Amino acid sequence: MSSKHTPAKAASRRSRRAFDRDQALAVALREFWTHGYETTSVASLTEAMGINPPSLYAAFGDKRQLFDEAIQLYTCTYGSPPPKGPDARSGIAAMLRHLAADYTDPSHPPGCIIITGATNCSPGSQDVKAKLRAMREETKASIAACIRADVDAGRLPADTDADGLATFYAAVIQGMNQQACDGAGRKTLERVAETAMAAWPEAPHPPTEPERNQE
């Protein structure tokens, strides 16, 4: 039996183009980041990734599973870490400065896919919208936890509304995202961050000498 391939077999093998899965996933992330989940079609994904639909389904399952992997790649590569620092104020300020730089980085689409990736979704894609909303809520909860830690440590007044303050800074982050998508530059977003930090509650003052004597 001859070991030579028949023309049909050779054509079949040529049609199954090998591709770099990681590179294809990075391309898919940019497509979702730029256009959002709902308006990014399988056809536009395969064109951008340089593969055919069967290859996409074989490698990633379907569009939804591909989106989930793209979001995971985003959080590992671009996602903002929770606020860290010696206190909540410095941690949140550092986070906002980081986002000002990241949201306007010309090496990738502007803004944050966790905020914009499911802005408009049909009823059949509400689970995608819920997934990204839950991720945003996790970020807000981490901000609130840092604020509560400062209240417990006496760095903030005891009556500080941790949830309300965390919601305020979450709204600032979403506003910075929109400004970046509208073309605002890094310096503009840094000014937004500085202005937002001016709303930080004043630290409680230690009691004066007469107040100590009254205790």
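Below, the structure is looked at part by part.

Cut-offs used in this document
- Along each chain, the written sequence defines residue order, and numbers are assigned to residues from 1.
- It should be noted that, the model being predicted, local features are given only for residues of pLDDT at least 70 and side-chain atom pairs only at 80 or more, the latter also being counted only at that level, while totals for whole chains, interfaces and linings use all residues.
- Processing note: side-chain calculations cover all non-hydrogen atoms of the structure and skip hydrogens and water entirely.
- Segments assigned H or I by DSSP are reported as helices when at least four residues long, segments assigned E as strands when at least two residues long, and all are numbered from the N terminus.
- Burial classification: accessible surface area is computed with a 1.4 Å probe over protein chains only, and a residue below 20% of its type maximum counts as buried, one above 50% as exposed, and the rest as partly exposed.
- What makes two residues a contact is simply this: any of their non-hydrogen atoms within 4.5 Å.
- Lines are fitted to the C-alpha atoms to define the axes, a helix being fitted only along its stretch in contact, and any angle between axes, read from their N-to-C directions, falls within 0 to 180 degrees.
- We call two directions roughly parallel when the angle between them is under 35 degrees, roughly antiparallel when it is over 145, roughly perpendicular when it lies between 65 and 115, and oblique otherwise.
- Definitions for this section: a left-handed crossing has its near helix turned counterclockwise from the far helix by less than a right angle. A right-handed crossing has that turn clockwise.

1. Section: the overall build of the protein chain
Scanning the protein chain from terminus to terminus reveals eleven helices and zero strands. Reading the secondary structure of the protein chain in the N-to-C direction produces α-α-α-α-α-α-α-α-α-α-α. The buried share of the protein chain, reckoned over its 215 residues, is 33%. Contacts in the protein chain between residues far apart in sequence, at least 24 positions, make up 68% of those at least 6 positions apart.

2. Notes on the environment of Val27
With respect to the helices and strands, Val27 occurs in helix H2 (residues 21–35). For Val27, a relative accessible area of 24% puts it in the partly exposed group. When the C-alpha atoms of Val27 and Thr46 are compared, they prove to be 9.7 Å apart, with 19 residues separating the residues in sequence. Aside from chain neighbours lying at most four places away, what touches Val27 is Ala48 and Met49.

3. Observations regarding the packing of helix H8 (residues 126–152) against helix H9 (residues 162–181)
Contact geometry of H8 with H9 gives a least axis separation of 8 Å together with a crossing angle of 135°. It follows that H8 is oblique to H9 by the angle criterion. Handedness of the crossing formed by H8 with H9: right-handed. Between H8 and H9, the residues in contact are Arg136, Lys140, Ile143, Ala144, Ile147 and Arg148 and Ala162, Asp163, Leu165, Ala166, Thr167, Ala170, Ile173 and Gln174, respectively.

4. Here we look at the environment of Ala145
When you line up the elements, Ala145 lands in helix H8. The exposure class assigned to Ala145 is partly exposed, which follows from its relative accessible area of 41%.

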